[in-house]
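Chain residues, written in single-letter form:
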Amino acid sequence: MVKMRLTQAINAAYFEEMERNERIVLFGEDVEVSMFGDTRGLHAKFGSKRVRNTPISESAMTGMAVGAAMAGTPTICHLMFSNFALTGFDGIANQAAKLRLMTGGQARLPVTFVAAIGAGTSTGAQHSDTPYPMFMNLGGINIAVPATPADAKGLMKSALRGFNPTIFLLPRVRGATAGEVSEDPDFLVPYGKASVLQEGTDITIVAIGSCVNHAVRAAKALKEDGVSVELIDPRTLVPLDTDTIVASVRKTGRLVVADEARDRCSAASHIAAVVGDEAFSSLRAPIKRVTAPNIPMPYAPALERALLPDPEKIVAAAMLTMAG
Amino acid sequence: MSQPDLHHNFTPGPERLKAMLERMLLIRRTEEQLGADSRSGELPGNVHLCAGQEAIAVAVCDHLSDDDYVGSTHRGHGHFLAKGGSAKSLIAEVHGKSSGACGGLGGSMHVTDLSKGMIGANGIVGGGIGLAAGAALSAQVAGQGQVAVAFFGDGASSQGILSEVMNIAVLWKLPLLLVCEYNGYSEFSASATVNAGEIADRARAFGMPTEVIDGNDLEAVWAVAAVAIDRARKGEGPSFIEAKTYRLRGHLEAEDGFLQAPYRSEDEIDQWRTRDPIPRLAQRLVELSALTATDIEALEANVAAEVKDALQFAHESEPPGMERVLSSVFVDQRP
């Protein structure tokens with residue numbers, strides 16, 4: 001085990017997998033300079049054939065990444081901020097998510113789109129979105145949202161060894177988070193397997209991405225009030241490990257979901273709906289969601305803080321649930 | 001900026017011309033069958049036919065092997081057959097059968113045969129441009145001399161992805177041939193009303209070898225494609241061909257059912273019928289003494305038998321089951 005930051009863990013995953021499979025290529029805007037640090041050093045190591053800066057041309061980038069993957073070249077397409085995925089959405093939504101089905105299963109699509117998500121550093125409304133709800137609705141693309149360095153490395157390595165299109169979303173405010181990471185070259189984290197960060201008996205908290213750390217802190221505060229929290233990080237939203245979540249709620253009878261995405265049609269509302277369907281008779285209180293409201297993110301720091309989930313909001317929602 | 005000339009006096013020779021005539025006939029007769037099936041209500045979905053445009057697909061694909069890639073559009077039956085796809089798998093697919101090219105899950109607008117390097121017709125008119133450019137990148141990295149071709153129309157030329165891909169393809173010297181099948185219409189709108197300037201000039205602006213040719217002259221398309229594809233194989237970068245043509249059928253076969261007024265004149269269509277690439281090539285072969293009236297009848301009979309067999313195959317095939325769907329979303333993962 002070695003201690004590293006989340007972006008370093010992604011970087012290590014790229015290095016290991018690109019060494020292991022010399023067919024993998026990576027391209028994107030400014031990947032040589034590497035704004036977030038995750039692609040740092042790759043160009044020097046692997047050269048211009050496999051690591052390429054692109055123009056600011058997201059339509060071409062996403063479409064070409066899918067075409068290259070379809071032709072047998074595993075491709076990492078770095079989109080920098082997730083909002084830029086929206087300017088290249090055709091390649092993701094109409095091509096990557098649909099081509100395997102449209103070709104009757106002929107196409108294998110080893111393409112991984114990488115982008116940073118989330119607000120909290122006053123980057124304004126067009127660099128602050130958490131758009132995985134849109135991607136979850138596409139039907140044919142996997143979504144990873146790691147919250148720890150170990151999960152980031154293992155999920156990236158799994159994506160690069162697989163043959164399915166994947167959107168790998170890096171919660172930007174978590175990029176500098178340090179944690180222990182395995183050095184085993186075959187350390188992989190499976191898709192569709194939630195991580196139970198702590199077991200508990202009174203309430204289940206499901207937290208996604210940037211909300212995982214908030215939920216850890218909330219669980220500590222709740223423990224001081226005598227509330228035993230079972231804390232679950234789904235890690236991947238497609239596939240989503242609903243079995244683990246539903247089993248936990250059947251045990252605790254209470255659920256709070258913490259998710260930085262806007263509330264409407266969010267991962268949180270989807271999880272709430274699934275639990276409502278499958279564990280209704282176990283629920284002892286209404287399900288609570290701690291999410292962002294259905295508006296674009298403003299710039300001023302105090303407003304961002306007011307709108308985003310935080311440990312206090314998760315504790316408040318949990319206490320309401322406990323009173324229910 | 002001076003750009004390499006794509007003109008050359010290459011000629012395919014009579015035997016190859018005859019094979020290409022037969023391939024064009026197969027496309028035409030297959031699509032006539034699908035058009036009839038559409039109008040009779042036998043098809044579950046719509047078809048966009050390429051009648052009149054066959055020479056471009058056939059002449060370009062004559063230079064390609066199964067290891068080369070072709071990306072196409074919603075009007076992709078011709079590209080599918082020109083790239084070596086079978087009439088059986090095409091007709092069965094458009095009829096929504098499990099024996100179709102895509103198991104009946106794709107339909108007319110998504111006919112794909114990866115075993116032939118046909119990476120798909122695409123319901124997004126410029127979608128195939130990005131996919132073909134990506135396949136060209138894959139070919140470049142693999143370093144085996146493969147090339148990729150994107151076929152698209154004048155309508156798709158105004159999607160941003162073409163400009164983005166031309167820029168990247170020139171910068172990266174991708175082994176890519178961009179073929180604009182200029183049929184004068186962007187769905188139901190005359191091209192002149194939706195496309196400013198000359199489309200070929202857009203390609204020239206990126207510094208790409210570019211030619212505007214008569215797309216209904218199979219030999220002209222063949223000669224220019226020969227040079228462009230040879231350049232791509234040698235690592236000399238992308239080229240652009242604007243092939244002027246015309247679709248003799250509508251944007252989609254069902255359009256007569258909803259159009260309140262025609263958007264193009266019968267005179268215009270009749271005028272283009274006189275420039276139909278199929279009789280034109282047949283006449284040329286007769287002039288070369290490479291083909292007789294009896295030969296043409298034999299070609300037609302072969303093609304008619306192939307289409308008839310393919311249709312019977314489609315009729316006798318089963319529709320796809322749900323299991324095929326569930327195994328065709330992800331690899332080794334249930335949706």
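Fair warning: this is a prediction, and the values are worked out from it, not measured in the lab. (Residues numbered from 1 in each chain as written. Chains lettered and ligands numbered in written order. Predicted model: local features only at pLDDT ≥ 70, side-chain atom pairs only at ≥ 80, totals over all residues. Heavy atoms only, no water.)

A. Structural view of the overall build of chain A. A tally of regular secondary structure across chain A gives 13 helices and 14 strands. Against the globule reference of 20 Å for 324 residues, chain A gives a C-alpha radius of gyration of 19 Å, in line with a compact fold. Across the 324 residues of chain A, 63% fall into the buried class. Pairs at least 24 apart in sequence give 82% of the contacts found in chain A among residues at least 6 apart. (Helix = DSSP H or I, 4+ residues; strand = E, 2+ residues; numbered from the N terminus. Rg over C-alpha atoms; globule rule 2.2 N^0.38 Å. Buried < 20%, exposed > 50% of the residue type's maximum accessible area, 1.4 Å probe, protein only. Contact = heavy atoms within 4.5 Å.)

B. A look at the overall build of chain B. Counting secondary structure elements, chain B contains 13 helices and eight strands. For chain B, whose C-alpha radius of gyration is 19 Å, the value lies close to the compact-globule estimate of 20 Å for 335 residues. If one aligns the C-alpha atoms of chain B with their principal axes, the spans along those axes are about 55 × 55 × 45 Å. Across the 335 residues in chain B, those meeting the buried criterion constitute 57%. Put simply, of all contacts in chain B between residues at least 6 apart along the chain, 76% involve residues at least 24 apart. With the model as given, the accessible surface of chain B reaches about 13000 Å², and the carbon-plus-sulfur share is 50%. (Areas by Shrake-Rupley, 256 points an atom, 1.4 Å probe, with all protein chains shown as cover.)

C. Up close: the pairing of strand β10 (residues 203-207) of chain A. Residue and element names in this part refer to chain A. Buried residues dominate β10, accounting for five of its five residues. By the bridge criterion, four bridges tie β10 to strand β11 (residues 229-233) in an arrangement that is parallel. Each residue of the ladder has a partner; that of Ile205, found in β11, is Leu231. (Pairing = 2+ DSSP bridges.)

D. Looking closely at the pattern of salt bridges. Residues and elements named next belong to chain A. Counted by the stated rule, this structure contains 29 salt bridges over all chains. Between Asp151 and Arg235 there is a salt bridge, with the nearest N and O atoms lying 2.9 Å from each other. Separated by 84 residues along the polypeptide, Asp151 in helix α8 (residues 149-161) and Arg235 in the loop between β11 and β12 (236-238) bring together distant segments of the chain. Just as Asp151 is buried, Arg235 falls in that class too. (Salt bridge = Lys/Arg side-chain N within 4 Å of Asp/Glu carboxyl O.)

E. Expanded view of the side chain of Arg172 of chain A. Residues and elements named next belong to chain A. Counting through the fold element by element, Arg172 comes out in the loop between β7 (166-171) and β8 (178-181). Here Arg172 occupies a buried position and makes no salt bridge, while the nearest side chain of opposite charge, Glu304, is found at 6.3 Å. Discounting chain neighbours no more than four positions away, the residues touching Arg172 are Phe36, Phe81, Ala116, Ile117, Gly118, Ala119, Thr121, Thr123 and His127. (Lys, Arg positive; Asp, Glu negative; His and termini not counted.)

F. Local environment of the domain arrangement of chain A. Residues and elements named next belong to chain A. Per the domain assignment, the segments of chain A are domain 1 (2-181) and domain 2 (195-323). For domain 1 versus domain 2, the separation of C-alpha centres amounts to 26 Å. Contacts between the two partners involve 25 residues from domain 1, matched on the other side by 26 residues from domain 2. Interface of domain 1 and domain 2: buried area, both sides summed, is about 2000 Å²; carbon and sulfur atoms make up 59% of it. For the domain 1 face of the interface with domain 2, the top three residues by lost area are Ser122, Tyr132 and Met136, together amounting to 26%. (Domains from an automatic or database assignment. Buried area = accessible area lost by both parts, 1.4 Å probe.)

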